[in-house]
Structure formats: C-alpha cells, structure tokens
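Residue-level structural notes
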Amino acid sequence: MAKLYLKFDNSLLKEITLSQAATTIGRLPDNTLQIDNLAVSGHHARICWEQDHYVIEDLGSLNGTYVNSERVGKAKLRHCDMVKIGKHELEFKNDGPAPVAAIAAKAGPPTPKLDATVLLDTKHAQEMLSAGGGPPPAMTAAGTPIKERIGLFNVLEGKTDQERYVLTSKMTMIGKSAMASIRLKGFFAPNSAALISKRENKYFIAPEPKAKVRINGEEVSGQRELAAGDIVEIGKMKAAFSFQD
C-alpha cells in the first residue's frame, strides 16, 4: 500500500493513503492534499497511477516540484523517495501491492445481480469511481437524469494554440507551460496562470500566484464559478466561457 507523509521541519503533519486514480497537491482547498503555504501554487502537482507504478507531475508551478533534490516535470516515484513542494516535504512509501482502484480498473467492476440492490459504502464507491466506472448520473426531483454540461472556451483576443477549447477534463490549466491545456503564447505570458476545475456540472476558475485573472472586467482572487457568457481576461488573452448545446 502506497502512502504519502507530509512533513515540515521534520515534523509529520499528515498521512495519506494513495487509493485514488489521481491525488492533487496544492494551496487551494479543492486539492486532495492541501498545503496552505504561499510557496505552494494553487494547483502545484499531482500523483497518479500509470500501469504498474506511481508518477508525480508538476502542474506548471512557480517554485517547481523536486524529487530527491532534483527538479522534475514528471517522474516515476520509488519507495522512500522524498518530494519537495515549496517548503514542505512529502515522503513516498510503497511497500505493498497495487492500489485497489488500479486493480479494479484492470479487472473491471463487479456486475451485480439484476434483482439485487447494492449499497456501496463511501470507500467502496470512491474506489469504483477511481476504477473508471464513473459516477451514477445525477437525477432531477422527477427522477430523470440531468444532462452533463460541457464548458467551452472561445478565444476572442490574444495568442493561444487554439481558438476554441472544449473543457472535458476535471482540471484544465491555462498558461505558457507545455503541460497547459490552454496554451498562452507570448514572451511575458506566465507558465501557469490559472486552473479551471469541473465539479458537479459546474466550472470554477482560480488564478495562480502573481497571475491576474479578470472576469467581466473585475479582477478575481481565489476560486470563482464560471457562468455562461463570462468574459475571462488573462494577460492579453480574452475568452468567452459558455456551454455546449
């Protein structure tokens, strides 16, 4: 079983068992592991399972992600590796079998009998979601499924690698970094400017440290829900947010 041990000045602050498909690390509260420190970017890094091992990936953070004192963009994690994020350290330990979610992903979720009602506890439900089975569709009060809303990002001004983006991922990074989904162009464009997250059929945008994000002409700080018709400005880029029909 793989675990992360969050430390600061050699003091253990938190212990996390890695059983999800992805663990996000950053300063904002929507991360799996929140590190409330100004040296940590809003969405700094993520750890996920790939085939038969864990990897850590930097999300275009300002101060970088280090594994055993070496700055990395993406790296395989090994037992007893030390990860440095800001002024904090994460000790990675993996002395057991693959996580349950990863095993379930290979085997596929069990098929319940058609005449049986299966009650999933919270842990089991999370493992099935991580395995790729997907959550059950949200329902209206009348019992009909709520149609999933897909966000769109249409660039009106500025230089980007595309003019239109379909926001299907749970997290979409905006910046000049090669890891950004919405790539900004220009010498002064920040590597990581903002991150759009999708939760419960809603989209939220959060600026990274030292980056300015304006919505409808108003500078925002912290997380802000996006509404159809919002105009988002980051540097010289101006884009309109909407939903697919």
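For the structure itself, look to the data block above.
Described in the following lines is the structure provided in the data block. (Residues numbered from 1 in each chain as written. Predicted model: local features only at pLDDT ≥ 70, side-chain atom pairs only at ≥ 80, totals over all residues. Heavy atoms only, no water.)

This brings us to the nonpolar core. Counting residues in each nonpolar core, the largest one holds 25 residues, and the members touching the most others are F153, I174, I205 and I234. Contributions of two or more residues to this core are made by β12 (151-157), β13 (164-167), β16 (194-199), β17 (202-207), β18 (213-215), β21 (231-234) and β22 (237-243). The element that contributes the greatest number of residues to this core is β22, accounting for four residues. Look past the residues within four positions of I205 in its chain and what remains in contact with it is I174, A194, L195, I196, V213, I215, G222, Q223, R224, L226 and V232. Counting residues in hydrophobic clusters, the runner-up holds 22 residues, among them L4, V40, W49 and V67. (Core = buried A, V, L, I, M, F, W, Y, C linked by side-chain atoms within 4.5 Å. Buried < 20%, exposed > 50% of the residue type's maximum accessible area, 1.4 Å probe, protein only. Helix = DSSP H or I, 4+ residues; strand = E, 2+ residues; numbered from the N terminus. Contact = heavy atoms within 4.5 Å.)

Below, the discussion takes up the pattern of salt bridges. Side chains that differ in sign of charge can pair as their charged atoms come close. Across all of its chains, the model carries seven salt bridges by this definition. In this structure, K74 engages E50 in a salt bridge whose closest nitrogen and oxygen atoms are separated by 2.8 Å. Of this pair, K74 sits in strand β9 (residues 74-76) while E50 sits in strand β5 (residues 45-50), and the two are 24 residues apart along the sequence. Note on K74: relative accessible area 48%, which makes it partly exposed. Residues E91 and K93 are paired through a salt bridge, measuring 3.8 Å at the closest nitrogen-oxygen approach. A relative accessible area of 13% means that E91 is categorised as buried. (Salt bridge = Lys/Arg side-chain N within 4 Å of Asp/Glu carboxyl O.)

By themselves, these are just geometric observations and shouldn't be taken as functional.
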